[in-house]
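Commentary on secondary and tertiary structure
Spelled out from the first residue to the last, the chains are:
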Amino acid sequence: MKRLNMVIILAVAVAVVFAGCSRQEQKESAKLQVVATLFPLYDFARTIAGDRAEVTMLLPPGMEPHSFEPKPNDIVRISRAGMFIYTNRYMEPWAESLLKGMDRQRLRVVDAGQGVQYLQNVAGDEHDHDVPGNHGAEGHAGVVDPHIWLDFSNAALMVDNILAGFIAVDPANAAYYRMNAAGLKGRLAALDQRYREGLADCATRVFLHGGHYTFGYLARRYGLEYHSLSGISSESEPSAARMAEMVRQIRSSGVHYLFAEELLSPRLTDTLAAEAGVAVLKLHGAHNLGKDDVQRGVGFIDLMEQNLVNLRKGLACRSK
Ligand SMILES: [Zn+2]
């Protein structure tokens, strides 16, 4: 009797689990579910998806992206999706091992940085005061810059990689996805052109940033000399020596503005700017959005337009 009861209980349990699975699968098959890690990928993917797929972002609003690691419920979300998009293995070093445990027949994985020419050896300027330009200190040898979306030709390549994922998973809607991606690439090309013209004729090309090393790709594309307060990872506070050195850099370069980033507290930048007697302008690295920007529906190109306004002001650029 006891054994029979056990069998029935097991059978019921199995039936409940199977029913749960099939309901889950039916729900999922209604619309392709896509999970993207960071904001640029999420914004590009939702533009390509239009109304044919549902795209969600892995990072919660306001979360610091470099130290982020997925929690168990994030892993469940990824495993239930049809497509997972990440930036590259330098931005999300946890992705490769996490994906080893997933059913890759069901889950399409997009490495959005595939084919990008990465910048290497370009950490912050810490211990780097003898070396001119962007190229970094010996102590940072081998460090790869993950912020590829801040070169808009890379952004276009990322759009292509994401588009290829959509077409592979949902070929029935390929023409629709291609059309949306082409529109987005057109807007990115126009943005690139506005940057090229807007930053062509400036009083200074020295771009000083009181944040972590975020804008190396952007600086390279438009011929700016970029120095940041701290390195790529943004996790450790800069030393007192680096702070003092940055104040000297600001004074000797003759700039009137120091740029601040969205991720770190403005305290360090404000301290530096006050010490050096310059004003602060904001730049958004677009890793993630705060809650307010999410509610306002801000897009990647909106953030970059505001950055261009502030860059032109900070570098004293003339209009054509
Ligand atoms: Zn960053």
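Residues numbered from 1 in each chain as written. Predicted model: local features only at pLDDT ≥ 70, side-chain atom pairs only at ≥ 80, totals over all residues.

Regarding its fold elements, the protein chain presents eleven helices and eight strands. The long-range share in the protein chain, meaning contacts at least 24 apart out of those at least 6 apart in sequence, stands at 66%. (Helix = DSSP H or I, 4+ residues; strand = E, 2+ residues; numbered from the N terminus. Contact = placed C-beta atoms within 7 Å.)

This paragraph deals with the pairing of strand S4 (residues 108–111). Relative to S4, strand S3 (residues 83–86) is paired through four bridges, and the arrangement is parallel. What sits directly across from Ile 85, in S4, is Val 110. Handedness of the S3-helix H4 (residues 95–100)-S4 crossover: right-handed. (Pairing = 2+ DSSP bridges. Right-handed = clockwise from strand over helix to strand, strands pointing away.)

This brings us to the confidence of the model for the protein chain. The share of residues in the protein chain with pLDDT of 70 or more is 83%, and the mean pLDDT across the chain is 87. Taken as a whole, residues 11–20 scores under 50 in pLDDT and shows zero contacts with residues more than four places along the chain or in a different chain. Contacts for the low-pLDDT stretch residues 123–140, under 50 throughout, to residues beyond four places or in other chains number 37 contacts. (pLDDT = per-residue confidence, 0-100.)

The next subject is the nonpolar core. Val 34, Ala 36, Ala 45, Ile 48, Ile 85 and Ile 162 are the most contacted members of the largest nonpolar core, which has 70 residues in total. If one sorts the elements of this core by residue count, helix H5 (residues 152–169) sits on top with eight residues. Leave out the neighbours within four places in its chain, and Ala 45 touches Val 34, Ala 36, Val 55, Ile 85 and Ile 162. (Core = buried A, V, L, I, M, F, W, Y, C linked by C-beta atoms within 7 Å. Buried ≥ 20, exposed ≤ 12 C-beta atoms within 10 Å, placed from the backbone.)

Once that is clear, we can look at the environment of Ala 286. On the secondary structure map, Ala 286 appears in the loop between strand S8 (279–282) and helix H10 (291–296). Accessibility expressed as a C-beta count within 10 Å gives 24 for Ala 286, which makes it buried. Spatially, the C-alpha atom of Ala 286 lies 7.1 Å from that of Leu 303, the residues being 17 residues apart in sequence. Look past the residues within four positions of Ala 286 in its chain and what remains in contact with it is Phe 39, Pro 40, Trp 149, Phe 300 and Leu 303.

This part is about the pairing of strand S6 (residues 225–228). Two strands pair when backbone bridges link them, and strand S5 (residues 206–209) and S6 are joined in this way by four bridges, in the parallel orientation. Looking at S6, one finds that Phe 207 is bridged to Tyr 226. Each parallel crossover has a hand, and for S5 linked through helix H7 (residues 216–221) to S6 it is right-handed.

Helix length check: helix H6 (residues 174–198) (25 residues) gives 36 Å between terminal C-alpha atoms against 36 Å at 1.5 Å per residue, within 8%. Considered for burial, the residues of H6 that qualify are Tyr 177, Asn 180, Ala 181, Leu 184, Leu 188 and Tyr 195. Structurally, H6 contributes buried residues whose contacts are with helix H2 (39–49), H5 and helix H11 (300–314). (Expected span 1.5 Å × (residues − 1).)

Once that is clear, we can look at the sheet that holds strand S1 (residues 32–36). Spatial strand order, S2-S1-S3-S4: four strands in an open sheet with parallel pairing. Sheet topology places strand S2 (53–57) and S4 at the edges, where each strand pairs with a single neighbour. The average angle at which neighbouring strand axes cross in this sheet is 20 degrees, direction not considered. (Axes fitted to C-alpha atoms, helices over the stretch in contact; angles between N-to-C directions.)

Right, let's talk about the environment of Val 309 for a bit. Considering the arrangement of structural elements, one finds Val 309 in helix H11. Between the C-alpha atom of Val 309 and that of Gly 198, which follows or precedes it by 111 residues, the distance is 8.8 Å.

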